[in-house]
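# Tertiary structure, described
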2 protein chains.
Amino acid sequence: MELDRNSTIPLHRQVENYIKKKISSGEWAVGTKLPSQRSLADSLAVNRSTVITALEELAALGLIEGRHGGGTKVINNTWGLVARRKPADWGNYVEAGRYKSNLPMIRKINEAEFYPGMIRMGTGELSPALLPNERFAGLLKNAPSGLLSLGYQEPKGDIRLREEISRHLMAIGIQTELSSILVVSGALQALQLISIGLLDHGSTLILEKPSYLYSIHVFQSLGMRFVGLPIDSDGMRPEKLSDYKKQYQGSIVYTIPSFHNPTGVVMTEKRRRELLLECGRERLPIIEDDVYRDLWLDAPPPCTLKGMDQSGNVLYIGSLSKILSPGLRIGWVVGPAPVIDRLADIKMQSDYGASSLSQWAAEESLRTGLYEEHACFVREQLKARRDDLAELLDQYFSDIAAWRIPTGGFYVWLKLVPKIDPHLLFEEALRHGILLNPGVMYDRGARQYLRLSYAYAASEEMKKAIRILRKLVMELAGGEKIT
Amino acid sequence: MELDRNSTIPLHRQVENYIKKKISSGEWAVGTKLPSQRSLADSLAVNRSTVITALEELAALGLIEGRHGGGTKVINNTWGLVARRKPADWGNYVEAGRYKSNLPMIRKINEAEFYPGMIRMGTGELSPALLPNERFAGLLKNAPSGLLSLGYQEPKGDIRLREEISRHLMAIGIQTELSSILVVSGALQALQLISIGLLDHGSTLILEKPSYLYSIHVFQSLGMRFVGLPIDSDGMRPEKLSDYKKQYQGSIVYTIPSFHNPTGVVMTEKRRRELLLECGRERLPIIEDDVYRDLWLDAPPPCTLKGMDQSGNVLYIGSLSKILSPGLRIGWVVGPAPVIDRLADIKMQSDYGASSLSQWAAEESLRTGLYEEHACFVREQLKARRDDLAELLDQYFSDIAAWRIPTGGFYVWLKLVPKIDPHLLFEEALRHGILLNPGVMYDRGARQYLRLSYAYAASEEMKKAIRILRKLVMELAGGEKIT
Ligand SMILES: Cc1ncc(COP(=O)(O)O)c(C=O)c1O
Ligand SMILES: Cc1ncc(COP(=O)(O)O)c(C=O)c1O
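Conventions adopted
- Residues numbered from 1 in each chain as written.
- Chains lettered and ligands numbered in written order.
- Predicted model: local features only at pLDDT ≥ 70, side-chain atom pairs only at ≥ 80, totals over all residues.
- Heavy atoms only, no water.
- UniProt positions renumbered as here; feature names shortened; annotations may be inferred.
- Helix = DSSP H or I, 4+ residues; strand = E, 2+ residues; numbered from the N terminus.
- Contact = heavy atoms within 4.5 Å.
- Areas by Shrake-Rupley, 256 points an atom, 1.4 Å probe, with all protein chains shown as cover.
- Lys, Arg positive; Asp, Glu negative; His and termini not counted.
- Charge placed at Lys NZ, Arg CZ, Asp CG, Glu CD.
- Salt bridge = Lys/Arg side-chain N within 4 Å of Asp/Glu carboxyl O.
- Nonpolar A, V, L, I, M, F, W, Y, C, P; charged D, E, K, R; others polar.
- Least-squares fit on C-alpha atoms with pLDDT ≥ 70 in both.
- Near = heavy atom within 4 Å.
- Polar contact = N/O pair within 3.5 Å; in protein donor to acceptor, adjacent residues only side chain to side chain.
- Core = buried A, V, L, I, M, F, W, Y, C linked by side-chain atoms within 4.5 Å.
- Buried < 20%, exposed > 50% of the residue type's maximum accessible area, 1.4 Å probe, protein only.
- Disulfide = S-S within 2.5 Å.
- Pairing = 2+ DSSP bridges.
- Axes fitted to C-alpha atoms, helices over the stretch in contact; angles between N-to-C directions.
- Expected span 1.5 Å × (residues − 1).
- Parallel < 35°, antiparallel > 145°, perpendicular 65-115°, else oblique.
- Left-handed = near helix turned anticlockwise from the far one by under 90°.

As recorded in an unreviewed UniProt entry, chain A goes by the name HTH-type transcriptional regulator YisV, listed as coming from Sporolactobacillus putidus. UniProt annotates chain A under Sequence similarities (unreviewed entry) with the comment "In the C-terminal section; belongs to the class-I pyridoxal-phosphate-dependent aminotransferase family." UniProt annotates chain A under Cofactor (unreviewed entry) with the comment "pyridoxal 5'-phosphate".

What follows is the structure in structure tokens.
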């Protein structure tokens, strides 16, 4: 075997291809032990580091695996390659360059959340201590066998659950028919169904910037674009809507008007009216993601856009995740019947409906008042936690950061004064057992921001984390002068 | 308003556009009552039937709604149009013409399944009488609150559930690491994740013809093609694999080797070896959909392809739906770790994992032996049901149809002798309270076939249905001579 030293293909790539060919031809079948790094380097007349780079790549492809002391073996020959070809397609994001660094960070977070002992300072979920485990076990104990429906479910979800949801919606000013409600496996799935069911490839969503939506990939994965509107303390600013619609062919607006993720901002009633008016004028439908609504700490937020809207222009999303249990995976979408019909059809084609056990538990929780009671409890607890975090920030960050105290939801959107590399900060914090959600996850430009959550970590943990964080920020800021 | 009577645009379409413009301009706002059909017809100088056609179209678009006695009102002004634009895209199936008639039929079936009193003769699910409601309620009663994990779940699914699944797999000859198992919300979701995560737009799947896969749209919706291989009493015939791979750029094989849906065929061990060999040679990965495996009635099927495979070429799919509870929505995919990692990542992006309550119940069912015990019970019951159906067919269909007696699963693949229109038969049966799954759902060419299921309808219902069916077939066959 001769490598081509004049080729533009780097040597390590040539070594990689050489081994790939051996494997794919079957010459080195699955289970075959590879020659040692040294002997490969010798026989190909390259540095050992070149061989190592190639082997690492092949291991990442899932083709080979090194065992401690046991040498390297071929473990696969086709699937790895199939899987490998994909990220390129799936990753066919419009803003590809923009997301490269986020995706691995999110996967890292998903993983690190399950490391024992981690202090999760950015997590968008309630601490297990705030989940109604006892109450839930009680609920299950009383499950009458006759009521459980273990079969495939109705396309739009269990009718009794939809009745409870409609009652719940009524209480927040949304009147709707049961046929206009679709039960989904969490709000995230609602977004996924919308992306594959209602929007063209190449559509543009107009949304707040920053936004939760930048941290997930359902829309971009389907080749959709985002255009971010600025947000102030009154919420999304709609003045540019019309411009953006024209300029970027915006086809739909996505907003989190109540306790916005990640900024915590509540859109004022006035702003809501303006947004509705502007969208009506521009014929732009609105997705209202309202999963944090019931998490108000000081006063309930203004009426929903959906409730204020007269023209069927709003598709409304709610969820049990933020109050009761994310593990249940129960959410809902409410909109005009034909849209809901379409989404229900796609839901059936995706997973034949949400878990009947979860639907039953959700119905019971709403019907028996467990949800409402627990919401009160969670609000109380979160209020104390928010106040704790606010105090800690006052104490440790007042000279190096700025923030607004949120009036609900889970998050403080912290702006650091020193300009430090968010990836470095993330990694350093991780090394210290602290899991962060850097602002860049929600807006590539938000390099100085952190989304801090007071919903997960316990008071003592928060204290420890905030102290360490200050230290890390100071260290990373290094010489930079802080004013 | 003048209609253009020389235009190539039909008059009813012009009327439709006229009304659309009124609505979209806001002149006829949401809530506005439309002029009566008569007065519209008069003022536009068209027949009333033209107006009616236009109004029906607008109602289908979700823009207007007629109320009994109350006239017709504008109910929507943008969403309806958005939703309308979509079916055309989503329906961008490669074999579009082929599926047009199936999609409405399937939606009709999904809907009609919930009509009271329907006899479901084609349904792919166990009768509620065969579901373990009592046992399940017992299981829930003993739920220790500490064990319920109500938070977001690990990307690949609860580790204890994966342990139980791996034990279950071991018993059928599949040895695997926990990191190579992904818990999904039913086998259907596994297929959806594969379609969006592993296959290119434009990929071709090689599969049995007929197949369950023709009845769902996850793959075609993403622009993938199907190439059907013939199936005989030994299973899929792999001889043409190599030809088809070349000719159609086949990129993956999908098979249901055990109690194939809809034919009930079991692939012999010999055929399994041939298929593996052929796929290995052609470097074609295999998706093994094995959701019916535990439903053997006479003897267990041969070893899984996954268990026989040495090279990591098989992605294996299982589910609790067909034995324990479809409503749980719990299934699994097993394959090489990098593939499973990729699918887990996409699962997280789709719905943040399966219901924790369902995962817990699934784990308990497997761990406590409830699953195995219930499988025995179901096998016994299904055996009796199969024998009943076989007897009924002997009695009522021996002169007008041919079939094989299945050795497991849910289905008899019935071939009618008279060539009657399957859509007519479906509709007529529906009018008589019988829900059928016509063969065309599984292969456009299988116009003479019905997929009969002995899993759902009770013995008496089956009897009634088969009697009526014979009558309908004879009537629809009309003059046709039956030999
Ligand atoms: C704004 C927003 N929408 C949707 C979701 C997803 O919620 P669910 O657990 O209901 O899928 C989240 C969760 O973080 C969120 O912050
Ligand atoms: C062959 C086959 N695969 C998958 C499924 C879907 O099963 P699940 O309920 O696990 O999604 C079915 C159900 O009809 C089936 O027949």
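## What to know about the overall build of chain A
When helices and strands are counted, chain A shows 18 helices and 17 strands. Seen through its principal axes, chain A has C-alpha atoms that stretch 75 × 60 × 55 Å. Residue pairs at least 24 apart in sequence account for 71% of intrachain contacts in chain A once pairs closer than 6 positions are excluded. Put simply, chain A shows about 18600 Å² of open surface, and 50% of that area lies on carbon and sulfur atoms. Mean positive and mean negative side-chain charge positions of chain A (60 and 56 charges, respectively) differ by 5 Å.

## A closer look at the interface of chain A and chain B
Listed per partner, the contact involves 89 residues of chain A and 88 residues of chain B. For the pair chain A and chain B, the interface holds 0 salt bridges. Counting residues per element, the side of chain A that touches chain B draws most heavily on helix H14 (residues 337-351) of chain A, at 10 residues. Grouping the amino acids of the side of chain A that touches chain B by side-chain chemistry returns 43 nonpolar, 30 polar and 16 charged.

## Overview of the relation of the copies chain A and chain B
If you rotate chain A by 180° and push it 0.2 Å along the axis, it lands on chain B with an RMSD of 0.2 Å. Taken together, the rotation and translation describe the operation of a two-fold axis. If distances are taken from each C-alpha of chain A to the rotation axis, the shortest is found for Lys 141 of chain A, at 2.0 Å. An overlap of 99% is found between the interface residues of chain A and their copies at the interface of chain B, pointing to a shared contact surface.

## Section: the site of ligand 2
Residues in close proximity to ligand 2 total 16 residues, the closest being Tyr 152 of chain A together with Asp 289, Tyr 292, Ser 319 and Ser 321 of chain B. Between ligand 2 and the protein, one listed contact pairs an oxygen atom with a side-chain N or O atom of Tyr 152 of chain A at 2.6 Å. Take Ser 321 of chain B: an N or O atom from its side chain is 2.7 Å from an oxygen atom of ligand 2. Protein contacts shield 98% of the accessible area of ligand 2, which totals 400 Å² for the unbound molecule. Split by residue class, the shell around ligand 2 holds 9 nonpolar, 4 polar and 3 charged.

## A look at the nonpolar core
If you look at the biggest cluster of nonpolar residues, it comprises 241 residues, and the most contacted ones within it are Met 121, Phe 397 and Leu 452 of chain A together with Met 121, Phe 397 and Leu 452 of chain B. Residues within four places of Phe 397 of chain A in sequence aside, it is in contact with Leu 392, Trp 403, Leu 414, Leu 416, Ile 466, Leu 469, Arg 470 and Val 473 of chain A.

## A word on the state of the cysteines
Here is the idea: a disulfide is a covalent bond, and it sits between the sulfur atoms of two cysteines. Residue and element names in this part refer to chain B. In this structure the tally under the stated criterion is 0 disulfides over all chains. Between Cys 279, a free cysteine, and Cys 303, which holds the nearest cysteine sulfur, the sulfur-to-sulfur gap is 16 Å. By relative accessible area, which is 0% here, Cys 279 ends up buried.

## Some points on the sheet that holds strand S13 (residues 401-402) of chain A
Residue and element names in this part refer to chain A. Spatially, 4 strands are ordered S13-S14-S17-S16 in an open sheet, and the strand pairing comes out antiparallel. Both outer strands of the open sheet, S13 and strand S16 (437-438), are each paired with one neighbouring strand and no more. On the sheet, helix H16 (residues 370-397) packs against S13, strand S14 (411-416) and strand S17 (449-453) and is oriented at approximately 10° with respect to S14.

## Digging into helix H18 (residues 459-477) of chain B
All names here are of chain B. For H18, spanning 19 residues, the distance from its first C-alpha to its last is 27 Å, which sits close to the expected 27 Å at 1.5 Å a residue. Within H18, burial applies to Met 462, Ala 465, Ile 466, Ile 468, Leu 469, Leu 472, Val 473 and Ala 477. Each element contacted by the buried residues of H18 is listed here: strand S3 (119-120), helix H16 (370-397), strand S14 (411-416), helix H17 (422-431), strand S15 (434-435) and strand S17 (449-453). Of the residues trailing H18, Gly 478 is marked for its positive phi of about 55°.

## Remarks on the site of ligand 1
Taken together, 16 residues are adjacent to ligand 1, and Asp 289, Tyr 292, Ser 319 and Ser 321 of chain A together with Tyr 152 of chain B come closest. With respect to ligand 1, the chains having nearby residues are chains A and B. At a separation of 2.8 Å, an oxygen atom of ligand 1 approaches a polar side-chain atom of Arg 329 of chain A. Here ligand 1 has 400 Å² of accessible area as a free molecule, and 97% of this is covered by the chains.

## A word on the sheet that holds S17 of chain B
Residue and element names in this part refer to chain B. Across the sheet, which stays open at both edges, the 4 strands sit in the order S13-S14-S17-S16 with antiparallel pairing between neighbours. Two strands lie at the open edges of the sheet, namely strand S13 (401-402) and strand S16 (437-438), each paired on one side alone. As paired strands, S13 and S14 are joined by 2 bridges and run antiparallel to one another. Across the sheet, the residue bridging to Ala 401 is Leu 416, located in S14.

## A look at the pattern of salt bridges
Evaluation of the coordinates by the stated rule reveals 52 salt bridges over all chains. Linking Glu 16 of chain B and Arg 13 of chain B is a salt bridge whose minimum nitrogen-to-oxygen distance equals 3.0 Å. You can see Glu 16 of chain B and its partner Arg 13 of chain B sitting in helix H1 (residues 11-24), 3 residues apart, about one turn around the helix. Salt bridges here are not isolated pairs; linked through shared partners, they connect Asp 232, Arg 237, Glu 239, Lys 270, Arg 271 and Glu 274 of chain A.

## Considering the packing of helix H8 (residues 159-171) of chain A against helix H15 (residues 356-367) of chain A
Residues and elements named next belong to chain A. Between H8 and H15, the shortest axis-to-axis distance is 9 Å and the interhelical angle comes to 40°. Here H15 runs oblique to H8, going by the angle between their axes. As for the relative orientation of H8 and H15, their crossing is left-handed in sense. Touching Arg 160, Leu 161, Glu 164, Ile 165 and His 168 of H8 are Gln 359, Ala 362, Glu 363, Leu 366 and Arg 367, all from H15. For the contact of H8 with H15, the residue count by class is 4 nonpolar, 2 polar and 4 charged.

## A closer look at the side chain of Arg 120 of chain A
All names here are of chain A. Here Arg 120 is to be found in strand S3 (residues 119-120). Of the polar contacts made by the side chain of Arg 120, one reaches the backbone oxygen of Glu 113; its length is 3.4 Å. In this structure the side chain of Arg 120 is engaged in a polar contact, spanning 3.1 Å, whose partner is the side chain of Tyr 456. Once you skip the residues sitting within four places of it in the chain, Arg 120 turns out to touch Glu 113, Glu 125, Leu 435, Tyr 456 and Ala 457.

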